Amino acid sequence: MVFTTEIGTPLEPRNVLRRFEVLAEQAGLRGVTLHTLRHSAASFLLAAGTHTKVVQEHLGHSSYAITADIYSDVGPAQQQEAADRLDQALRW
């Protein structure tokens, strides 16, 4: 285990959530949840070029499709990159 109680037992998820909520409030982070952090981490990994299969395993999703469906947002940068690649491919 990565994180345990002071006596080495597993952390209770509800206690972790309560503590996170207190810390987020103290930091002035309104509307930020543990799920927000999970989603952000996955988005950053994918934006950095991490393969979707690796992100899927990291998040514990049961299938590649779930991860791809949730995190396959296509932004302007990805659209431009795809257009540029298609342009290069057609110039053969």
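Residues numbered from 1 in each chain as written. Predicted model: local features only at pLDDT ≥ 70, side-chain atom pairs only at ≥ 80, totals over all residues. Heavy atoms only, no water.

Novice: Looking at this model, I keep getting lost on the side chain of T67. Mind explaining?
Specialist: With respect to the helices and strands, T67 occurs in helix α4 (residues 64-71). Looking at T67, the relative accessible area reads 0%, which means it is buried. A polar contact is formed between the side chain of T67 and the side chain of H61, at a distance of 2.6 Å. In this structure, T67 is in contact with T52, V55, Q56, H61 and S72, ignoring residues within four places of it in sequence. (Helix = DSSP H or I, 4+ residues; strand = E, 2+ residues; numbered from the N terminus. Buried < 20%, exposed > 50% of the residue type's maximum accessible area, 1.4 Å probe, protein only. Polar contact = N/O pair within 3.5 Å; in protein donor to acceptor, adjacent residues only side chain to side chain. Contact = heavy atoms within 4.5 Å.)

Novice: I keep staring at the pattern of salt bridges and nothing clicks. Help me out?
Specialist: Side-chain pairs of opposite charge can arise where the charged atoms are in close proximity. With the rule as written, the count across this model stands at 2 salt bridges. Among the ionic pairs, E81 bridges to R85, the shortest N-O distance being 2.5 Å. Here the residue E81 and the residue R85 both occupy positions in helix α5 (residues 76-90), the gap between them amounting to 4 residues, near one helical turn. Taking relative accessible area as the criterion, R85 reaches 57% and is therefore assigned exposed. D87 is the salt-bridge partner of R91, the closest N and O atoms lying 2.9 Å from each other. (Salt bridge = Lys/Arg side-chain N within 4 Å of Asp/Glu carboxyl O.)

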